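Examination of the molecular architecture
As a plain string of letters, each chain reads:
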Amino acid sequence: GSTADPGATDVNTEYNCSDYIEEGSEFTYAFTTTGPRSVTFTIDTLSTTMLDLFVLENTGSGCDPFACIGRSTTDDPSDAVTITARTGVVYYVVVDSYTDGTGTYRLSVACP
């Protein structure tokens with residue numbers, strides 16, 4: 001994917017779980033499980049623009065950046081976030097950048 005793909009937005013600039021200002025475009029995915037389980041989201045950045053990964057829990061107000069429950073904001077081109085997902089809760093997985101650029105990535109999900 002790319003943060004420049006159709007459907008990308010540039011709305012979220014701050015998340016409650018990070019001190020970074022995310023000035024770049026973001027791409028958001030919705031995720032739910034049918035039962036409680038550990039879920040790991042892994043991002044492999046394929047461009048020179050370093051991308052950050054955030055997991056938000058829908059608390060009734062949709063994709064709220066202040067409902068962040070997990071993040072990866074390192075300079076490592078491959079990083080992961082693991083959460084304990086609850087049954088029927090919608091989670092938003094956001095790929096964003098603290099620079100004002102766009103980048104390409106591969107996002108994978110593991111649900112043992």
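Up top is the structure these notes are about.
Residues numbered from 1 in each chain as written. Predicted model: local features only at pLDDT ≥ 70, side-chain atom pairs only at ≥ 80, totals over all residues. Heavy atoms only, no water.

Another point: the sheet that holds strand S6 (residues 91-96). Ordered in space as S1-S6-S3-S4, the four strands form an open sheet in which the pairing is antiparallel. One side of each edge strand has no neighbouring strand; the edge strands of this open sheet are strand S1 (27-31) and strand S4 (68-72). This sheet shows a mean twist of 20° between the axes of neighbouring strands, independent of strand direction. In this structure, strand S3 (residues 52-57) lies alongside S6, joined through six bridges in antiparallel fashion. Bridge pairing in S6 places Glu57 opposite Tyr91. (Pairing = 2+ DSSP bridges. Helix = DSSP H or I, 4+ residues; strand = E, 2+ residues; numbered from the N terminus. Axes fitted to C-alpha atoms, helices over the stretch in contact; angles between N-to-C directions.)

Now for the state of the cysteines. A covalent bond between the sulfur atoms of two cysteines is referred to as a disulfide. Applying the stated criterion across every chain, the model contains one disulfide. Two residues, Cys17 and Cys68, share a disulfide whose sulfurs are 1.9 Å apart. Between Cys17 and Cys68, the S-S dihedral sits near 60°, and the bridge is therefore right-handed. In this pair, Cys17 is assigned in the segment before S1 and Cys68 in strand S4, connecting sequence segments 51 residues apart. For the pair Cys17 and Cys68, one class covers both residues: buried. Cysteine Cys111 shares no disulfide, and the gap to the nearest cysteine sulfur, in Cys68, comes to 18 Å. (Disulfide = S-S within 2.5 Å. Buried < 20%, exposed > 50% of the residue type's maximum accessible area, 1.4 Å probe, protein only.)

On to the pattern of salt bridges. According to the stated counting rule, one finds two salt bridges in the structure shown. Its salt-bridge partner being Arg106, residue Asp44 comes within 3.7 Å of it at the nearest N-O pair. Here the residue Asp44 occupies a position in strand S2 (residues 37-45), and Arg106 occupies one in strand S7 (residues 105-110), the gap between them amounting to 62 residues. The residue Glu57 makes a salt bridge to Arg86 at a minimum N-O spacing of 2.4 Å. Of this pair, Glu57 sits in strand S3 while Arg86 sits in the loop between strand S5 (78-85) and S6, placing them 29 residues apart in sequence. (Salt bridge = Lys/Arg side-chain N within 4 Å of Asp/Glu carboxyl O.)

This paragraph deals with the pairing of S6. On a regular strand, one side chain projects to one face of the sheet and the next to the other, so that they alternate. With six of six residues buried, S6 is to be regarded as a mostly interior element. Burial of S6 is two-sided: the residues Tyr91, Val93 and Val95 facing one way and the residues Tyr92, Val94 and Asp96 facing the other way are all buried. Strand direction decides the pairing type here: S1 and S6, joined by five bridges, are antiparallel. Pairing of Phe27 across the sheet is with Val95, part of S6.

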